[in-house]
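As a plain string of letters, each chain reads:
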Amino acid sequence: MTSTDVRTEAEDSGPSGYAAARLRLLQEEARSGPPRRAALAELTDDWLSGLFDAGADKLRGISLVAVGGYGRGELSPRSDLDLLLLHDGSADPGAVASLADRIWYPIWDLGLDLDHSVRTPAEARKTAGEDLKVQLGLLDARHLAGDLGLTAGLRTAVLADWRNQAPKRLPELQELCAERAERQGELQFLLEPDLKEARGGLRDATALRAVAASWLADAPREGLADARRRLLDVRDALHLATGRATDRLSLQEQDQVAAELGLLDADTLLRQVYEAARVVSYASDVTWREVGRVLRSRAVRPRLRAMLGGGKPTAERSPLAEGVVEQDGEVVLARAARPDRDPVLPLRAAAAAAQAGLPLSLHAVRRMAAGVRPLPTPWPAEAREQLVTLLGSGPSTIEVWEALEAEGLITRLLPDWERVRCRPQRNAVHIWTVDRHLIETAVRAAEFTRRVHRPDLLLVSALLHDIGKGWPGDHSVAGEIIARDVAARIGFDRSDVAVLATLVRHHLLLVETATRRDLEDPATVRSVAEAVGSQGTLELLHALTEADALATGPAAWSSWRASLVADLVKRVSAVLAGDTPEEPEAAAPTAEQERLAIEAARTGGPVLALRAQTEPPTEEPSGDPEPLGVELLIAVPDQEGVLPAVAGVLAMHRLTVRTAELRALELPDGVSGSVLLLDWRVAAEYGSLPQAARLRADLVRALDGSLDIAGRLAERDAAYPRRRGIVAPPARVSVASAASRLATVIEVRAHDAPGLLHRIGRALEEAQVRVRSAHVSTLGANAVDAFYVTGPEGAPLPGEQAASVARALEDTLRE
């Protein structure tokens, strides 16, 4: 039966004919989705038009108008009908009421839900001005029958009102959306979501249409129409499966709804729902951000014009990283940025945005997605470090990660991510999809970076620990294989790959053993020790266990579980400790290091050398060597203040310290004096490196006290605009007991920042201890430093003094 036949049947037989035609239409297996919704709306239009025409008779200045979802022509099988009987006030009120009854009652008789009103255009506009929901419904007003001019006039007036009142009404609409999200949760993570009311659902899609109608801002349209259609298709199937007007996709109905849509199973259904919801949610985030920007711009424009003498204001651009700047509260690409020549740019931009606590602009992400060159395999060191920085940025990581994912950049960087993307977890303990759980775990792990020696391995293991859930079988076993491949691809060395694989394979070992085994049984502890293998891996596994549990949900972690795991870790650590290893012997100096040391001793001043380090070019014909940074060798006569002086000068010149070592060198026979050698790897924050002569000149001034490093750094910091940024965990300083027989080892874990090493060096100098060697490494946004210190006579510090130095240093770094 064709659509024309169905309509004719409805027109000929009145309400019963409409009911039969409606049922026949809904049972047509060949027609579903948008065609069925459109056909159902058209069938209903014809029926209601017939009811109107039969009752209006000689009435003038009256029309029947569809509003809301029905106005958009989106009728699901059990959708209610939103109708407005519009009149100009000239008709007899009794006749208008009689016409309304002739239309409303047949609808009720068929058991259909009806949302109805009878108003003049002035009344409709007044009500819309008082009730935002009414105004939203009228934005989709569609003429059904009667006076077309009356309906057209109302539509024109309502749209004009909406556009004129947009600066006031849009913030109200945003607040309404936020309140609904707070009540209903996020559609993309719920096991029993409300397709309409939850965040990312049909209500939000309608709100985006309203924003577009205001002409103030518009949503990113790519994929939005398809996402909306998918949610409507699922709601149609839900109505048919349940026979009820419901938007709640309950667990017991998901298999039937999946079958109705021809999908493999309920998991496939949920994944499609989550993907659609994610598109709507991301479009909402971008759109409301743009609305805020436009409204702020309008608020300050008159004042700026007055200040600029009527000229057009220029948006301020503040550099964040190479090729990345901040503009109007967003992170955008610099004008000189070339995504086609800079494969690390997406990760660098994302890390800069997350560290600054700012969103990545939609334009920037799309530009990178369209033109960026793929990263070589293995990744260059900078790419790996930027990924670690992004993962370690705390809660701001989430928004930035979602922006990359929305444009497909995450799956390009990590192809294995596709299998866990939007994957549901049918476990009451889990509150997130697999992919979001992995990011949430990294966010939690960022809080624990001060507890571990290798925060980079902790953060990457958090990202990968459940990566095997996209494969059949034990996800820990599958994940170990994937983790080895991913870790090698992103550039970790063989030993780090092995640690990451162990962490992924055994990420549930501690909590499962602690809660399910007898910890008094020596065999239990030995088995965990054998699986973990080392103290460093145990330390990482302990932090990963807690981060994983906290990111799972409130039921996954408790003080009881924490105490059991801590007890197990203590026992395993004792087994792994064994005998204290001997101190490693210092490596012999190279010929260049010895030459610099001799020259420093002869001249009595600092001598330095810069040497660029690069990785081999990629296999592509146009592949350029990837810069690793610059090796900076400094030889200086042994004296007080060397470490803070060098660190301060590098910070002044905007050089980022990636790794550093400091040690005393024994000079050859015949050369008097004592020389310190600093072997550092540095990189310029922006632009090119300073000349070696300038570095040496400033270092000479820093050592003789004529250069106020602290003052210069404070002035530069004060000149920069304040940003929200991230809330980094506080610095942590500890004494590594029994780490060395010759010195006391002070360990510092802190958020990396310009001048950090300078502050540490000054604090240690003020504590009147001597730094004999330093091992500094910057892992993403985390600095993990070890300082071998002695008293003035060259002996290790007594326990009480060592603890006092650590406390004083920690207090200094937390100021």
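Quantities reported herein were computed from a predicted structural model and do not represent experimental measurements.

## Some words on the overall build of the chain
Now for step 1: Secondary structure summary: the chain contains 31 helices and 15 strands in total.
Now for step 2: In terms of overall dimensions, the chain has C-alpha extents of about 120 × 80 × 55 Å along its principal axes.
Now for step 3: Going through the 815 residues of the chain one by one, you find that 53% of them count as buried.
Now for step 4: Of the contacts made within the chain by residues no fewer than 6 positions apart, 71% connect residues no fewer than 24 positions apart.
Now for step 5: Counting 97 positive and 118 negative side-chain charges, the chain places the averaged centre of each group 4 Å from the other.

## Observations concerning the confidence of the model for the chain
Now for step 1: Per-chain confidence: the chain averages 88 in pLDDT, with 92% of residues scoring 70 or above.
Now for step 2: The weakest mean pLDDT in the chain belongs to helix 1 (residues 3–26) at 69; the strongest belongs to helix 19 (residues 455–464) at 98.
Now for step 3: Under a pLDDT of 50 for its full length, residues 615–628 has, in the predicted model, 28 contacts with residues more than four places off or in other chains.

## What about the sheet that holds strand 1 (residues 62–66)?
Sheet strands pair by backbone hydrogen bonding; their relative direction is either parallel or antiparallel.
Now for step 1: Taken together, four strands build an open sheet; the order of strands is 3-2-1-4 and the sheet is mixed. Pairing within the sheet leaves two strands with one partner each, and these edge strands are strand 3 (114–119) and strand 4 (142–146). On average, each strand axis in the sheet is inclined to that of its neighbour by 20 degrees, with strand direction left out of account.
Now for step 2: When strand 1 meets strand 2 (residues 81–87), the two strands line up antiparallel, connected through five bridges. Across the sheet, the residue bridging to Leu64 is Leu85, located in strand 2.
Now for step 3: Relative to the sheet, helix 2 (residues 33–56) contacts strand 1, strand 2 and strand 4, its axis offset from that of strand 4 by approximately 35 degrees.

## Quick look at the sheet that holds strand 5 (residues 317–321)
Now for step 1: The strand order across the open sheet built from three strands is 5-6-7, with neighbouring strands paired in antiparallel fashion. Strand pairing shows two members of the sheet lacking a second neighbour, strand 5 and strand 7 (330–333), which therefore form its edges. Averaged over all adjacent pairs, the angle separating strand axes in this sheet is 40 degrees, with direction ignored.
Now for step 2: Where strand 6 (residues 324–327) lies against strand 7, four bridges are found, and the strand directions are antiparallel. Paired with Val325 across the two strands is Val332, which belongs to strand 7.

## A word on the packing of aromatic side chains
Now for step 1: Evaluated as defined, the whole model comprises four aromatic pairs.
Now for step 2: Here the aromatic rings of Tyr18 and Trp47 are separated by 4.1 Å at their centres, their planes lie at 5 degrees, and the arrangement is stacked. Taken together, the residues Tyr18 in helix 1 and Trp47 in helix 2 connect sequence positions 29 residues apart. Each member of the pair Tyr18 and Trp47 is classed as buried.
Now for step 3: Over the face of the ring belonging to Tyr70 we find Arg142, whose NZ or CZ atom lies 5.3 Å from the ring centre.

## Structural notes on the pattern of salt bridges
Now for step 1: All told, the structure shown has 51 salt bridges when counted by the stated rule.
Now for step 2: Between Glu599 and Arg595 there is a salt bridge, with its nearest N and O atoms 3.8 Å apart. Residue Glu599 and its partner Arg595 are both found in helix 26 (residues 591–603); the two are separated by four residues, about one turn of the helix.
Now for step 3: Owing to a relative accessible area of 45%, Arg595 belongs among the partly exposed residues under this scheme.

Each value, and the rule that gives it
Residues numbered from 1 in each chain as written. Predicted model: local features only at pLDDT ≥ 70, side-chain atom pairs only at ≥ 80, totals over all residues. Heavy atoms only, no water. Helix = DSSP H or I, 4+ residues; strand = E, 2+ residues; numbered from the N terminus. Buried < 20%, exposed > 50% of the residue type's maximum accessible area, 1.4 Å probe, protein only. Contact = heavy atoms within 4.5 Å. Lys, Arg positive; Asp, Glu negative; His and termini not counted. Charge placed at Lys NZ, Arg CZ, Asp CG, Glu CD. pLDDT = per-residue confidence, 0-100. Pairing = 2+ DSSP bridges. Axes fitted to C-alpha atoms, helices over the stretch in contact; angles between N-to-C directions. Phe/Tyr/Trp six-rings, centres within 6.5 Å; stacked < 30°, edge-to-face > 60°. Lys NZ or Arg CZ within 6 Å of the ring centre and 35° of its normal. Salt bridge = Lys/Arg side-chain N within 4 Å of Asp/Glu carboxyl O.

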